[in-house]
Amino acid sequence: MKKSPPVPLITPDGKRCDGRAFDELRPIELEVGVLKNADGSAMIRQGKNIIVAAVYGPRELHPKHLALPDRAVLRCRYHMAPFSVYGERKSPAPTRREIELSKVIREALEPAIFLELFPRCAIDVYIEVLQADGGTRCASIVAASLALADAGIPLRDLVAAVAVGKVQGHIVLDINHLEDEYGEGDMPVAMMPTRGVITLFQADGVWTPDEIKYALELARKGIMKIYELQKEALRKKYEKVIEEVEVGV
Ligand code: ADP
């Protein structure tokens with residue numbers, strides 16, 4: 001039996017605990033090229049989530065026996081800072097959850113990358129969650145995919161992601177930590193938006209087939225909005241580069 005939430009998850013006027021409508025994303029800010037020393041990087045703020053992704057590569061892979069003769073190896077590390085969570089600090093050591101999320105994030109990104117162009121190489125993606133408020137695996141995918149693009153790695157498409165959830169019987173878009181903890185279900189979805197290919201689909205809780213259909217469509221609409229923000233963030237970075245080049249001339 002779940003504990004009851006500290007605040008009502010759905011208010012009498014049909015809003016969510018943070019004032020959003022059921023189909024509303026949290027405010028999202030994306031910035032590309034935030035780290036000087038990485039080959040590519042990006043930051044996402046999504047509600048109270050703050051996450052930085054850094055990409056290194058394609059580069060020589062060590063240890064060499066892990067190299068593949070026909071394609072690059074994508075390696076992802078999702079890490080939550082000890083101070084990123086509510087309440088007690090989390091251990092700085094990788095937890096089972098972080099190991100699992102590193103794997104699902106890698107699998108969500110892999111189909112978008114032309115790995116076959118870089119045999120025997122590694123592409124490393126480091127994700128640091130500085131502040132966590134639910135839906136961090138999806139926010140991490142959004143930032144990591146931008147960081148890959150920023151590193152100049154050839155992509156079939158960007159990958160955008162969002163988690164939908166079930167809260168007091170309502171299907172809602174982009175769940176926050178309270179909705180995740182006290183709701184009845186969580187469904188993270190990632191897609192290559194222009195191709196309409198799903199690269200991550202997880203679900204916990206109990207969903208009817210109709211609810212799954214509705215939730216997937218809601219996720220798709222959210223993903224298309226996030227995809228527009230991703231393209232805008234990339235565009236901004238290159239506008240800045242052009243400005244710098246022009247000033248330099
Ligand atoms: P996601 O962040 O993708 O929703 P989870 O469902 O595993 O992944 O986690 C939900 C939320 O629970 C996280 O975003 C974070 O706010 C919180 N959380 C995760 N791990 C911890 C932890 N070790 N201590 C406190 N809160 C945590």
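Bear in mind that the values here come from a model prediction, so they are computed numbers and not experimental data.

Asker: Which parts of the structure should I look at to understand the overall build of the chain?
Answerer: Looking only at helices and strands, the chain has 4 helices and 10 strands in total. The helix and strand sequence of the chain, counted from the amino end, reads β-β-β-β-α-β-α-β-β-α-β-β-β-α. The C-alpha radius of gyration of the chain comes to 19 Å, within 12% of the 18 Å expected for a compact globule of 249 residues. Expressed as a percentage of the 249 residues in the chain, the buried residues total 48%.

Asker: Any chance you could explain the site of the ligand here in plain terms?
Answerer: In the region of the ligand, 13 residues are neighbours, and Arg97, Gly134, Thr136, Arg137 and Asp180 sit closest. Here Gly134 contributes a backbone N or O atom positioned 2.8 Å from an oxygen atom of the ligand. For the ligand, an oxygen atom lies 2.5 Å from a polar atom in the side chain of Thr136. Burial of the ligand by the protein chains amounts to 76% of its free accessible area of 530 Å². Residue composition of the shell around the ligand, grouped by class: 3 nonpolar, 4 polar and 6 charged.

Asker: It is not clear to me how the pairing of strand β3 (residues 49-60) should be interpreted in this structure. Could you clarify?
Answerer: Across a regular strand the side chains alternate sides, sitting on one face of the sheet and then on the other. Sheet topology places strand β2 (residues 40-46) next to β3; 7 bridges connect them, and they run antiparallel. From the neighbouring strand, Ser41 faces β3, where its bridge partner is Ala54. The hairpin turn running from β2 into β3, its antiparallel successor, is 2 residues long, and Gly47 in that turn takes a positive phi close to 60°. Two strands pair when backbone bridges link them, and β3 and strand β5 (residues 121-131) are joined in this way by 9 bridges, in the antiparallel orientation. Across the sheet, residue Ala54 finds its bridge partner in β5, namely Tyr126.

Calculation criteria
Residues numbered from 1 in each chain as written. Predicted model: local features only at pLDDT ≥ 70, side-chain atom pairs only at ≥ 80, totals over all residues. Heavy atoms only, no water. Helix = DSSP H or I, 4+ residues; strand = E, 2+ residues; numbered from the N terminus. Rg over C-alpha atoms; globule rule 2.2 N^0.38 Å. Buried < 20%, exposed > 50% of the residue type's maximum accessible area, 1.4 Å probe, protein only. Near = heavy atom within 4 Å. Polar contact = N/O pair within 3.5 Å; in protein donor to acceptor, adjacent residues only side chain to side chain. Areas by Shrake-Rupley, 256 points an atom, 1.4 Å probe, with all protein chains shown as cover. Nonpolar A, V, L, I, M, F, W, Y, C, P; charged D, E, K, R; others polar. Pairing = 2+ DSSP bridges.

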